[in-house]
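Chain by chain, the residues run as shown.
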There are 2 protein chains.
Amino acid sequence: MKKYYIAIDIGATNTKFGLLKMPGRIVSKKTIKTTDYKNPQEFSLISRNIIYSFLKDRKITKNSVVGIGIGAPGPIDNQKGLVHYFVNIPGWKEVPIRRMLMKKVKLPVFIDNDVNVMTLGEYKFGAGKGSKDIVGITLGSGVGGGLILNGKLFYGANMAAGEIGHMPINVNGPACPCGGHACLEAYVGNKRIVSRAKSEMQGKKTLIKSIMREKNSRLSPKIIYEAAKRNDKIAKKILHDTGVYIGVGLTGIVNLLNPEKIVIGGGVSNAGRFIFKAIEKTVKNRAMKIHAKTVKIVKAKLGEDAGLMGCLALVEEGLKQK
Amino acid sequence: MKKYYIAIDIGATNTKFGLLKMPGRIVSKKTIKTTDYKNPQEFSLISRNIIYSFLKDRKITKNSVVGIGIGAPGPIDNQKGLVHYFVNIPGWKEVPIRRMLMKKVKLPVFIDNDVNVMTLGEYKFGAGKGSKDIVGITLGSGVGGGLILNGKLFYGANMAAGEIGHMPINVNGPACPCGGHACLEAYVGNKRIVSRAKSEMQGKKTLIKSIMREKNSRLSPKIIYEAAKRNDKIAKKILHDTGVYIGVGLTGIVNLLNPEKIVIGGGVSNAGRFIFKAIEKTVKNRAMKIHAKTVKIVKAKLGEDAGLMGCLALVEEGLKQK
């Protein structure tokens, strides 16, 4: 009986491989550096080898594998199984990765962008379980988004839906590399948090500075969070303001889509209660009553395995559509 | 063979009844004042009489009627066929209008809010034809919205999706009666257009003032549009600014949903090119490239009959779901 799934979570730094079973259980796992492969050909070869070693270690035949799911950091044509390009990994341009990998491994292959995969994982196995309309958002260098509408990933006309980070939250505001103005990402992306912190800190006493010295580290959202935990006012204000900006962006989405849940993941979301409280308060105060009452804003649950578990869900969903 | 449809378009001022045939052809039409009925009971009775007179005039039996579609100005539970309330019509509170009318006329009844019905009409028969993901927006005293996603009306968790008018376009901005701040409606609803015009006009020479005297009329978007057509600078600026605000709101929706088309209807949309140009330019300049390239921003096509034709589509869709 087919009951195993292969998951490949391609990130800018690491690429994770997993052998999984329903419901979302990771049986084997292997992580390599994304620089370990120089191009799609090498990726396919390495993937095949790792998949075969998974099967050998567990004494499983390929007949018991349902399929391969891939999450990857870039715009993807999930119908054609095509990687348009990766934002932070050179050497990938219009790569028919599904076809390449199917040839090598002879298993069904499904691919989608990492935020969609994370959202799907949280929907099936994590914080989004049990809701039919959820919004997934990842906070980090960039701000990504995925939409589950009526129980399915929503893609839009060019499979480019979900760009929550590029919804403007002001009429006028900082230019964003996407070409827009006042995009949410231009207020709450890691870089902007750091640069806002720098100007807030100027000439003031704050634990942020001592923690930087202590850890011999550059300013980062993580350092700001450390300072906030130790009750530093300036750090708390920076995180609070970040939460308000995110809350304004989410208010628009809440009134537009009337979702049941918003699942927030990614590095900055670890700044826990400081950001979450401000997000929740902003949405509860500003969204329309019925919308605000319904929506639950929750932290992603699956942590660093969200990608792998999302890949499993992607295979399941993909086979259903067929 | 069943081939006729009954459409009822309830508005704050007028209620329109139609007998229609596919594809969206209006065979008979009758308009009454919404004040002609004082409550849901009277509405049901009048509706039955008008429906029967339609059938009699055309020598049609009830057997050839597919069903009744109703569009109405308020939050509606379309699954239960329940009117929660009407914003501008007293006497309707949690009214099970589907059940009441079915009892009176013995035909399947489907009901939805007017913006959804308009959007569905434009999708099936008007400017939205041929696209699977469209956003409908109506400009008037309020700013309403409807979403067709994957070829179907999207409702969200409480059937309250589509509140485009209450998406914030600024972090800080005017309070909105909905409880929010800086909602799109608080910038481009009729009242706001008029009050912005008043302050722009102060102490300045503008054709707006002469047209108001000429027509012995109060200031309204229509008057401003008249002045713009006669090349009045201030009028053109007011409409341009309105278009920019709408464009910022739509940029967020375009990046989030990646729709194929945005269909704009309602009174203010008649201010044609002055507003449209600014909307288009703003979205083309600010939305992400792939999203901006794809989306077409078009004027609603069905005019005052959009409601009736949407009701026909509502019956069709409703029967499909069954």
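Quantities reported herein were computed from a predicted structural model and do not represent experimental measurements. (Residues numbered from 1 in each chain as written. Chains lettered and ligands numbered in written order. Predicted model: local features only at pLDDT ≥ 70, side-chain atom pairs only at ≥ 80, totals over all residues.)

Draft legend 1. Representation of the overall build of chain A. Broken down by element type, chain A carries eleven helices and 13 strands. A compact globule built from 322 residues would reach a C-alpha radius of gyration of about 20 Å, and chain A, at 20 Å, matches this within 12%. Expressed as lengths along the three principal axes of its C-alpha atoms, the size of chain A is roughly 60 × 50 × 35 Å. For chain A, the residues scored as buried account for 52% of the 322 residues in total. (Helix = DSSP H or I, 4+ residues; strand = E, 2+ residues; numbered from the N terminus. Rg over C-alpha atoms; globule rule 2.2 N^0.38 Å. Buried ≥ 20, exposed ≤ 12 C-beta atoms within 10 Å, placed from the backbone.)

Draft legend 2. Representation of the relation of the copies chain A and chain B within the structure. After a rotation of 180 degrees and a shift along the axis of 0.0 Å, chain A superposes on chain B with an RMSD of 0.1 Å. Interpreted geometrically, this transformation is the action of a two-fold axis. In terms of C-alpha distance to the rotation axis, chain A has Asn-170 of chain A as its closest residue, with the C-alpha 2.0 Å off the axis. (Least-squares fit on C-alpha atoms with pLDDT ≥ 70 in both.)

Draft legend 3. Up close: the packing of helix H5 (residues 190-201) of chain B against helix H8 (residues 233-257) of chain B. Residues and elements named next belong to chain B. For the pair H5 and H8, interaxial distance at closest approach is 10 Å and the crossing angle is 140 degrees. The angle between the axes of H5 and H8 places the two elements in the oblique class. Seen along the crossing, H5 lies across H8 with a hand that is right-handed. Counted together, Ile-193, Arg-196, Ala-197, Glu-200 and Met-201 of H5 and Ile-234, Lys-237, Ile-238 and Thr-242 of H8 form the full contact between these two elements. When grouped by side-chain class, the residues that make up the contact of H5 with H8 number five nonpolar, one polar and three charged. (Axes fitted to C-alpha atoms, helices over the stretch in contact; angles between N-to-C directions. Parallel < 35°, antiparallel > 145°, perpendicular 65-115°, else oblique. Left-handed = near helix turned anticlockwise from the far one by under 90°. Contact = placed C-beta atoms within 7 Å. Nonpolar A, V, L, I, M, F, W, Y, C, P; charged D, E, K, R; others polar.)

Draft legend 4. Structural view of the domain arrangement of chain A. All names here are of chain A. Parsing chain A into structural domains produces domain 1 (4-120 + 304-321) and domain 2 (130-300). Summarising the inter-unit geometry, the C-alpha centres of domain 1 and domain 2 are found 28 Å apart. Taken together, the contacts link nine residues of domain 1 with 13 residues of domain 2. For the side of domain 1 that touches domain 2, the element with the highest residue contribution is helix H3 (residues 114-125), accounting for five residues. For the side of domain 1 that touches domain 2, the residue count by class is five nonpolar, three polar and one charged. (Domains from an automatic or database assignment.)

Draft legend 5. Region of interest: the sheet that holds strand E5 (residues 76-77) of chain B. Spatially, E5-E6-E7 (chain B) is the arrangement adopted by the three strands of the open sheet, whose pairing is antiparallel. Strands with a single pairing partner mark the edges of an open sheet, and in this sheet they are E5 and strand E7 (93-95) of chain B. (Pairing = 2+ DSSP bridges.)

Draft legend 6. Layout of the environment of Tyr-225 of chain B. Residue and element names in this part refer to chain B. Here Tyr-225 shows up in helix H7 (residues 221-229). With 22 C-beta atoms counted inside 10 Å, the residue Tyr-225 sits in the buried group. The sequence separation of Tyr-225 and Ile-208 amounts to 17 residues, and the corresponding C-alpha distance is 8.8 Å. Residues contacting Tyr-225, with those up to four places away along its chain left out, are Leu-239, Asn-270 and Ala-271.

Draft legend 7. Representation of the environment of Trp-92 of chain A in the model. Residue and element names in this part refer to chain A. Considering the arrangement of structural elements, one finds Trp-92 in the loop between strand E6 (82-85) and strand E7 (93-95). Accessibility expressed as a C-beta count within 10 Å gives 17 for Trp-92, which makes it partly exposed. For the pair formed by Trp-92 and Val-115, sequence separation is 23 residues and the distance between their alpha carbons is 19 Å. With residues up to four places along the chain from it excluded, the contact list for Trp-92 reads Pro-40, Val-83, Tyr-85 and Phe-86.

Draft legend 8. A look at unusual backbone geometry. Look at the link from Met-22 of chain A to Pro-23 of chain A: it is a cis peptide, with omega at -10 degrees. Note that Pro-23 of chain A resides in the loop between strand E2 (14-21) and strand E3 (25-33). The backbone phi angle of Asn-258 of chain A is positive, close to 50 degrees, even though this residue is not glycine. Positioned with a positive phi, Lys-59 of chain B is a non-glycine residue whose angle comes to about 55 degrees.

Draft legend 9. Broad picture of the sheet that holds E7 of chain A. Residues and elements named next belong to chain A. An order of E5-E6-E7 is seen for the three strands of this open sheet, with the pairing classed as antiparallel. Of all the strands in the sheet, the pair left with one neighbour each is strand E5 (76-77) and E7. Relative to E6, E5 runs antiparallel, the two sharing two bridges. Counted as the bridge partner of Asp-77 is Leu-82 from E6.

Draft legend 10. Structural context of the interface of chain A and chain B. Contact residues are listed per partner, giving 39 residues for chain A and 39 residues for chain B. The element contributing the most residues to the side of chain A that touches chain B is helix H8 (residues 233-257) of chain A, with eight residues. Of the residues that constitute the side of chain A that touches chain B, the class distribution is 20 nonpolar, 14 polar and five charged.

Draft legend 11. The environment of Ile-70 of chain A, seen in detail. Residue and element names in this part refer to chain A. For Ile-70, the position within the fold is in strand E4 (residues 65-72). The exposure class of Ile-70 is buried, given the 30 C-beta atoms found within 10 Å. Ile-70 sits 214 residues away from Lys-284 along the chain, and the two C-alpha atoms are 36 Å apart. The residues touching Ile-70, leaving out its near neighbours within four places in the chain, are Ile-8, Ile-10, Val-109, Ile-111 and Cys-311.

Draft legend 12. Representation of the pairing of strand E9 (residues 134-139) of chain B. Residues and elements named next belong to chain B. In terms of residue burial, E9 counts as a mostly covered element, since six of its six residues are buried. The alternating pattern of E9 places Ile-134, Gly-136 and Thr-138 on one face and Val-135, Ile-137 and Leu-139 on the opposite face, and all of these are buried. Connecting E9 to the next strand, strand E10 (residues 143-149), in antiparallel fashion are three residues. Bridge count for E9 against strand E12 (residues 261-265) is five bridges, and the pairing is parallel. Note on E12: the bridge partner recorded for Gly-136 is Val-263.

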